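# An overview of the molecular structure
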Amino acid sequence: MNDMNNKMISAAEAEYVQVPETEPARQYYFIEKAKKHVEALKNELGRTPTCCVTTFGCQMNARDSEKLTGILRQTGYEIIENEEADFVIYNTCTVRDNANQRVYGRLGFINSMKRKNPHKRVALCGCMMQEPSVIEKIKKSYRFVDLIFGTHNIYKFAELLCTMFENEHMVIDIWKDTDKIVEDLPVERKYSFKSGINIMFGCNNFCSYCIVPYVRGRERSRKPEEIIKEIKNLVADGVVEVMLLGQNVNSYGKNLEEPISFAQLLTQIEKIEGLERIRFMTSHPKDLSDELIEVMKHSKKICRHLHLPLQSGSTRILQAMNRRYTKEQYLALAKKIRQEIPDISLTTDIIVGFPGETLEDVEETIDVIRQVEYDNAFTFIYSKRTGTPAAAMENQVPEEVVKEGFDKVLKTVQDMAKSRVSRLTGKVELALVEEINEQDSSFVTGRLSNNTIVHFPADASLIGKIVPVYLEECRGFYYVGRMTDM
Ligand code: SAH
Ligand code: SF4
Ligand code: F3S
């Protein structure tokens, strides 16, 4: 770091006699401080420094990245979507091993870029960083990384940024867990008209294959008034659709000082004027209440879509997975939902190759897919996650058996979806226009209430608007249509 940089820091420090101890004030102090560092870097480079946040994994991580971007923007970085940037941040996922491998692949490539750009800095954060073995590997084989932090202290990003600027060596700050929720920090949304909202963090379910409870910590809910306040502010800023995020939204609010159910939270959110659509993810079948079905049934804003992860259709495997429902209970729940809300789309997650799974178990899964008639199902090959109970199970399934089961499940899902999704052909439905079509710029891409995608001719002026679309032709998982009157 050159002299000028050091001068900037002491000037910044002199301005503040004391670093605030409470949040979020403390982070706002560090945002100001980081600004001086970025300003110094700008003078050195003779241009505005750029940064790039690359996200792996689920919607939780996507929302976390918006928080990182919000802070980076405030500190004066120019945000770009190119890893040539002066500062690259990887927000990582570790739910399956291929997510980890992708990060290591990217790091190899960044190393060579860093040699060419001495100002380049690299940060790693997210779920993968909560695993001690990952940190050991990075310390050993990726010594060029400048900053590593985890999922629990992400709110401290501005402070960590300052520490990074003030240190030549790798800065590592990982917390095992937290009960803290810091509100009111800057966020920058990817889309102007829709937004994810965290309603809870962590997970207490410990499904035996899953790493999430270990890397995201114990379940904690945000207070309803904080959630409502955030949504109201978003709506005032042009948001029409929100996606409420939690690993198991159905257990929202149970541990709050003043307990409240997820269904009650939805009822409050429904009342927010100007908000048009409400989505949520994810619902654990074991906690889905009749109260929720009732609220969804009568709601004008809750979208006609429910993601209800099945994981397996075999009761024996479900038990080994610690999912705490049987095949019959799941089927009964799906039936009840379909009876009460006939136009709903159901989607799911399936794992093939869990320890001890036979092709007969896979047949049970296929049977559920046929009975429930999902609009879509995300099918994953079981990935062994160190530290989870399933990783220690002895009866891991041979690769060729997994492959056979996986192909069968995938084919069933695709065939099912084709006939299911097309049920709206010839109808008019409302679509929220999300973006210009990637392949043909004379088309836009919109999303129906039931989460199906529709492409139709229109221009960018409609982005963020909800418009009626005639669904002309179904092509597998999506529609091609045209705008019409309601
Ligand atoms: N909280 C959500 C899921 C989060 S992880 C829920 O309970 O539904 C998203 C999906 O990844 C899971 O639904 C599961 O299907 C899959 N998954 C999780 N751990 C996995 C593993 N070890 N191997 C393969 N797939 C896994
Ligand atoms: Fe993982 Fe199960 Fe928690 Fe979902 S509910 S995050 S699958 S442990
Ligand atoms: Fe991955 Fe973490 Fe989400 S492990 S799926 S990014 S909670």
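Just above, that's the structure.
We now turn to the structure provided with this report. (Residues numbered from 1 in each chain as written. Chains lettered and ligands numbered in written order. Predicted model: local features only at pLDDT ≥ 70, side-chain atom pairs only at ≥ 80, totals over all residues. Heavy atoms only, no water.)

Both the distance between ring centres and the angle between the ring planes are used here to describe each pair of aromatic rings. A full pass over the atoms with the stated rule returns 13 aromatic pairs. Each ring, one from Tyr155 and one from Trp175, has its centre 6.0 Å from the other, and the planes form 75 degrees; the classification is edge-to-face. With Tyr155 in the loop between β5 (147-149) and α6 (157-165) and Trp175 in the loop between β6 (171-173) and β7 (194-198), this pair connects stretches of sequence that are 20 residues apart. Residue classification places Trp175 among the partly exposed positions, given a relative accessible area of 23%. Grouped by ring-pair contacts, the aromatic residues Tyr104, Tyr142 and Phe144 constitute a single cluster. The side chain of Arg96 reaches across the aromatic face of Phe380, ending 3.7 Å from its centre. (Phe/Tyr/Trp six-rings, centres within 6.5 Å; stacked < 30°, edge-to-face > 60°. Helix = DSSP H or I, 4+ residues; strand = E, 2+ residues; numbered from the N terminus. Buried < 20%, exposed > 50% of the residue type's maximum accessible area, 1.4 Å probe, protein only. Lys NZ or Arg CZ within 6 Å of the ring centre and 35° of its normal.)

Contacts to ligand 3 come from Cys58, Asn61, Cys93, Thr94, Val95, Cys127, Arg216 and Gln247. Its residues assigned to classes, the shell around ligand 3 shows 4 nonpolar, 3 polar and 1 charged. (Near = heavy atom within 4 Å. Nonpolar A, V, L, I, M, F, W, Y, C, P; charged D, E, K, R; others polar.)

Let us now look at helix α8 (residues 224-236). Here α8 is 13 residues long and its end C-alpha atoms lie 18 Å apart, about the 18 Å a rise of 1.5 Å per residue gives. Looking at the buried positions of α8, the neighbouring elements they touch are α3 (59-75), β7, β10 (241-245) and α9 (262-270). Phi turns positive, to about 105 degrees, at Gly238, one or two residues after α8. (Expected span 1.5 Å × (residues − 1). Contact = heavy atoms within 4.5 Å.)

A few words on the pattern of salt bridges. Pairing between side chains of opposite charge can happen when the charged atoms of each approach one another. Tallied over the full model, the rule gives 37 salt bridges. Note that Arg222 is salt-bridged to Glu183, the shortest N-O span being 2.7 Å. Remark: Glu183 occurs in the loop between β6 and β7 and Arg222 occurs in the loop between β9 (220-221) and α8; sequence separation between them is 39 residues. A residue is classified by how much of its surface remains accessible, and Arg222, at 6% relative accessible area, is buried. (Salt bridge = Lys/Arg side-chain N within 4 Å of Asp/Glu carboxyl O.)

With that settled, the discussion passes to the layout of surface pockets. Taken as a whole, the second largest pocket holds about 740 Å³ of empty space. Looking at the lining of the second largest pocket element by element, the count peaks at 6 residues for α3. Class assignment for the residues of the lining of the second largest pocket results in 13 nonpolar, 6 polar and 14 charged. (1 Å grid on protein atoms, 1.4 Å probe; cavity = no way out; pocket = protein on both sides within 12 Å on 5 of 7 lines; lining within 4 Å. Points joined across faces, edges and corners; volume = space filled by probe spheres on them.)

What follows concerns the site of ligand 1. Neighbouring ligand 1 are 15 residues, the closest being Arg96, Gln247, Gln311, Asp349 and Ser383. One of the backbone nitrogen or oxygen atoms of Tyr209 is found 3.1 Å away from a nitrogen atom of ligand 1. A distance of 2.8 Å separates a nitrogen atom of ligand 1 from a polar backbone atom of Ser383. Isolated, ligand 1 exposes 540 Å² of accessible area, and the fraction of that covered by the protein chains is 89%. Secondary structure elements with two or more residues in the shell around ligand 1: β13 (345-352) and β14 (376-381). By residue class, the composition of the shell around ligand 1 is 7 nonpolar, 4 polar and 4 charged. (Polar contact = N/O pair within 3.5 Å; in protein donor to acceptor, adjacent residues only side chain to side chain. Areas by Shrake-Rupley, 256 points an atom, 1.4 Å probe, with all protein chains shown as cover.)

On to the environment of Pro49. Inspection of the secondary structure assignment puts Pro49 in the loop between α2 (25-45) and β1 (50-55). Here the alpha-carbon distance between Pro49 and Tyr382, two residues 333 residues apart in the chain, equals 41 Å. Once residues within four sequence positions are removed from consideration, Pro49 is found in contact with Val38, Leu41, Lys42, Tyr77, Glu78 and Asp86.

Let's shift gears to the nonpolar core. The biggest cluster of nonpolar side chains holds 69 residues, and the ones touching the most others in it are Ile231, Leu244, Phe262, Ile269 and Phe280. The residues touching Phe262, leaving out its near neighbours within four places in the chain, are Ile199, Leu244, Val249, Asn250, Tyr252, Phe280 and Leu292. Core analysis: the next-biggest nonpolar cluster, separate from the first, contains 27 residues, Leu68, Ile71, Leu147 and Cys162 among them. (Core = buried A, V, L, I, M, F, W, Y, C linked by side-chain atoms within 4.5 Å.)

A word on unusual backbone geometry. Note: most residues except glycine have negative phi, and most peptide bonds are trans. Look at the link from Glu23 to Pro24: it is a cis peptide, with omega at 5 degrees. Here Pro24 shows up in the loop between α1 (3-15) and α2. In this chain, Met281 is followed by Thr282 through a cis amide linkage whose omega measures 0 degrees. Note that Thr282 resides in the loop between β11 (277-281) and α10 (290-298). Positive phi outside glycine occurs at Phe206, with the angle close to 45 degrees. Within the fold, Phe206 resides in the loop between β8 (200-201) and α7 (212-216). On the accessibility criterion, Phe206 (29% relative accessible area) is partly exposed. Not every positive phi belongs to a glycine, and Arg324 is a case in point at roughly 65 degrees. Structurally, the position occupied by Arg324 is in the loop between α11 (315-320) and α12 (327-340).

Contact pair α12 / helix α13 (residues 359-372): the axes reach a minimum separation of 10 Å and the direction vectors enclose 10 degrees. Looking at the two axes, α12 sits roughly parallel to α13. Between α12 and α13, the contacting residues are Lys327, Tyr330, Leu331, Ala334 and Arg338 on the first element and Glu364, Asp367, Val368, Gln371 and Val372 on the second. (Axes fitted to C-alpha atoms, helices over the stretch in contact; angles between N-to-C directions. Parallel < 35°, antiparallel > 145°, perpendicular 65-115°, else oblique.)

On to the sheet that holds strand β12 (residues 305-307). Across the sheet, which stays open at both edges, the 3 strands sit in the order β12-β13-β14 with parallel pairing between neighbours. Among the strands making up the open sheet, the edge pair consists of β12 and β14. Going across the sheet, the axis of each strand differs from the next one's by a mean of 15 degrees, ignoring polarity. Note: β12 against β13, 3 bridges, orientation parallel. Counted as the bridge partner of Leu306 is Leu346 from β13. (Pairing = 2+ DSSP bridges.)

A few words on the sheet that holds strand β2 (residues 78-79). What holds strands together in a sheet is hydrogen bonding between their backbones, with the strands either parallel or antiparallel. Across the sheet, which stays open at both edges, the 6 strands sit in the order β2-β1-β3-β4-β5-β6 with parallel pairing between neighbours. Looking at which strands have only one partner, the edges of the open sheet turn out to be β2 and β6. Here 3 bridges tie β5 to β6, and the two strands are oriented parallel to one another. Each residue of the ladder has a partner; that of Ile148, found in β6, is Ile172.

Any link to function would need more than the numbers given here.
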